[in-house]
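As a plain string of letters, each chain reads:
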Amino acid sequence: MKPVLEEATREVYKAVLPRTMVVADLGCSSGPNTLRFVSEVIGIIARSCKQLGVKQHEYPQLQFFRNDLPGNDFNNLFELVDQFKKSTTGNRQGEAQPPACYISGLPGSFYARLLPCQSVHLFHSLFCLQWRSQAPGGLKGSGKTHQDKGDIYITKTMSPSVVKLFQQQFQKDFSLFLKLRYEELVFGGQIILTFIGRKHEDVFNGEPNHLYGLLAQSLQSLVDEGLLKKEKLDSFYLPIYSPSVGEVVAIAEQSGLFNMNHVKLFETNWDPYDDSETDVVQDSVRSGVNVAKCIRAVMEPLIASHFGETILDTLFKEYAQRVAKHLEKEKTKHAVIVLSMKKEN
Ligand SMILES: C[S@@+](CC[C@H](N)C(=O)[O-])C[C@H]1O[C@@H](n2cnc3c(N)ncnc32)[C@H](O)[C@@H]1O
């Protein structure tokens, strides 16, 4: 996604030439990765200024808003910002100074307005937009029919009405997200979104269906062993939907708000430590553990708040084994959608 970010950032800078360039990263989290985006943008602006012959004292100031839900660990984020600022403003004898940058936290859901009208030049969001604002259609356990008990995400046997609720929740959330960002963007501003989607148009044939299907099976096995109450599983749906490129483009076009600059789907291995491009998993047991750790990092707060913390270790051990067995048969990959859009004058 780096070339997409580079192109969009350069284009916005050249088109608007702002004295202060406002950039918002939506769903930034608080771990060590979170400031990579900031340093990328600083680098891109510094290179653009150099190419355009902008003098050092005329470099734009950069104002970054780091957004996430209020429960995000903003204290940790601010400590990282402090370290980052010290490292970027350190002793640079003879070297060009990077553009001045100001970094703030912005708690709140990106399914609501976050910033004033026409105040933002660049929006970015990485691996967040697969999350819905709520479980599909606000579905709670009582909504599950006998047919759907045990499902937590879309399966081939799920009632068509529930599948439709998952799709409608995505359509509603994504349209709202686009409308809100349109209001906040300046003319000439751009938005770059990267999130987990699915490769095929068929809603039942998606990589996340396998990933969450295995999680549902692991939860079911805890129910069978008497470690988890059946009602708990019967009252849980993931607030997630992974769309196809076609679905994303259809909603963006329907909104009529943006010009689509770029849209692409690429694949990455489920195991984040597996960089190979083959269709064979070298060590399925180790990959199973890696995938389970990754999904645990993402899902733990949600699972713990619904099912309780005590099941976590047993659940993810079981999940690692099921993922390993799955990977032995088939090396499924994440389908990642990257798109950039522009608010035209
Ligand atoms: C998988 S993390 C990605 C973090 C970071 N962007 C990265 O790529 O390393 C997803 C993040 O999205 C945030 N998120 C989910 N729904 C959100 C919402 N409605 N508003 C703001 N942030 C949200 C989560 O809290 C989480 O930090």
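Numbering of residues starts from 1 in every chain and runs along the sequence as written. For a predicted model such as this one, the threshold for reporting local features is a pLDDT of at least 70, and the threshold for listing and counting side-chain atom pairs is 80 or more; totals across whole chains, interfaces and linings nevertheless cover every residue. Where side-chain values are given, they derive from all heavy atoms of the structure, hydrogens and water being excluded.

- Naming follows an unreviewed UniProt entry, where the protein appears as Benzoate carboxyl methyltransferase of Panicum hallii var. hallii.
- Check the Sequence similarities (unreviewed entry) section of the UniProt entry for the protein; it says "Belongs to the methyltransferase superfamily. Type-7 methyltransferase family. SABATH subfamily." UniProt positions are given in the numbering used here, feature names are shortened, and annotations may be inferred rather than shown by experiment.

## Structural notes on the site of the ligand
Reasoning step 1: Near the ligand lie 15 residues; those nearest to it are G27, D68, S109, F110 and L126.
Reasoning step 2: At a separation of 2.6 Å, an oxygen atom of the ligand approaches a polar side-chain atom of D68.
Reasoning step 3: Nitrogen and oxygen atoms within 3.5 Å of one another constitute a polar contact, given that in protein one can donate a hydrogen and the other can accept it, and given that sequence-neighbouring residues count only through two side-chain atoms. One nitrogen or oxygen atom from the main chain of F110 is found 3.0 Å from a nitrogen atom belonging to the ligand.
Reasoning step 4: Expressed as a share of its isolated accessible area of 590 Å², the protein-covered part of the ligand is 81%.
Reasoning step 5: All amino acids are sorted into three groups, where Ala, Val, Leu, Ile, Met, Phe, Trp, Tyr, Cys and Pro are nonpolar, Asp, Glu, Lys and Arg are charged, and the leftover types, Gly among them, are polar. For the shell around the ligand, the residue count by class is eight nonpolar, six polar and one charged. For this description, a residue counts as near a given molecule or strand if any of its non-hydrogen atoms is within 4 Å of it. Here the open area of atoms and residues is found with the Shrake-Rupley method and a 1.4 Å probe, where only the protein chains shown may cover a residue.

## Some remarks on unusual backbone geometry
Reasoning step 1: One non-glycine residue, L17, lies in the positive phi region at around 40°.
Reasoning step 2: Helix and strand definitions follow DSSP, with helices as H or I runs of at least four residues and strands as E runs of at least two, each counted in order from the N terminus. On the secondary structure map, L17 appears in the loop between helix 1 (2-16) and strand 1 (20-26).
Reasoning step 3: Accessibility here uses a 1.4 Å probe with only protein chains present; expressed as a share of the type maximum, an area under 20% marks a residue as buried, one over 50% as exposed, and anything in between as partly exposed. What makes L17 exposed here is its relative accessible area of 52%.
Reasoning step 4: Phi is positive for F127, close to 55°, though the residue is something other than glycine.

## Regarding the sheet that holds strand 7 (residues 333-342)
Reasoning step 1: In this description, strands pair whenever DSSP reports at least two bridges between them. Strand order in the open sheet formed by seven strands is 3-2-1-4-5-7-6, and the pairing between neighbours is mixed. Looking at the sheet topology across the chains shown, the edges are occupied by strand 3 (101-107) and strand 6 (259-269). Direction aside, neighbouring strands of the sheet carry axes that sit 15° apart on average.
Reasoning step 2: Sheet analysis places strand 2 (residues 61-68) next to strand 3, joined by seven bridges and oriented parallel. By the bridge assignment, N67 is partnered in strand 3 with L106. Here, axes are lines fitted to C-alpha atoms. For helices the fit covers the stretch in contact, and angles between N-to-C directions go from 0 to 180 degrees.

## Examining the packing of helix 1 against helix 2 (residues 36-52)
Reasoning step 1: Between helix 1 and helix 2, the shortest axis-to-axis distance is 10 Å and the interhelical angle comes to 50°. Regarding the angle of helix 1 to helix 2, the classification is oblique. In terms of crossing hand, the pair formed by helix 1 and helix 2 is right-handed. Mapping the contact onto sequence places K2, L5, E6, T9, R10, Y13 and K14 in helix 1 and F37, E40, V41, I44, I45, R47, S48, C49, Q51 and L52 in helix 2. Relative orientations are named as follows: roughly parallel for angles under 35 degrees, roughly antiparallel for angles over 145 degrees, roughly perpendicular for angles from 65 to 115 degrees, and oblique for any other angle. It is the rotation of the near helix from the far one that decides the hand of a crossing: anticlockwise by less than a right angle makes it left-handed, clockwise makes it right-handed. Contacts are residue-level and defined by heavy atoms, with any inter-residue pair within 4.5 Å sufficient.

## A short note on the state of the cysteines
Reasoning step 1: Cysteine sulfur atoms that come within 2.5 Å of each other are treated as a disulfide pair. For the structure on display, the rule yields zero disulfides.
Reasoning step 2: Residue C294 stays outside any disulfide, its sulfur separated by 14 Å from that of C128, the closest cysteine.
Reasoning step 3: For C294, a relative accessible area of 30% puts it in the partly exposed group.

## Comments concerning helix 4 (residues 160-184)
Reasoning step 1: Working rule for helices: expected span equals 1.5 Å times residues minus one. Across its 25 residues, helix 4 extends 36 Å between first and last C-alpha, which sits within 8% of the 36 Å expected from 1.5 Å per residue.
Reasoning step 2: Residues of helix 4 that are buried include every one of V162, V163, F166, Q169, F170, D173, F174, F177, L178, L180, R181 and E184, and no others.
Reasoning step 3: Elements in contact with the buried residues of helix 4: strand 1, strand 4 (120-126), strand 5 (185-197), helix 7 (245-255) and strand 7.

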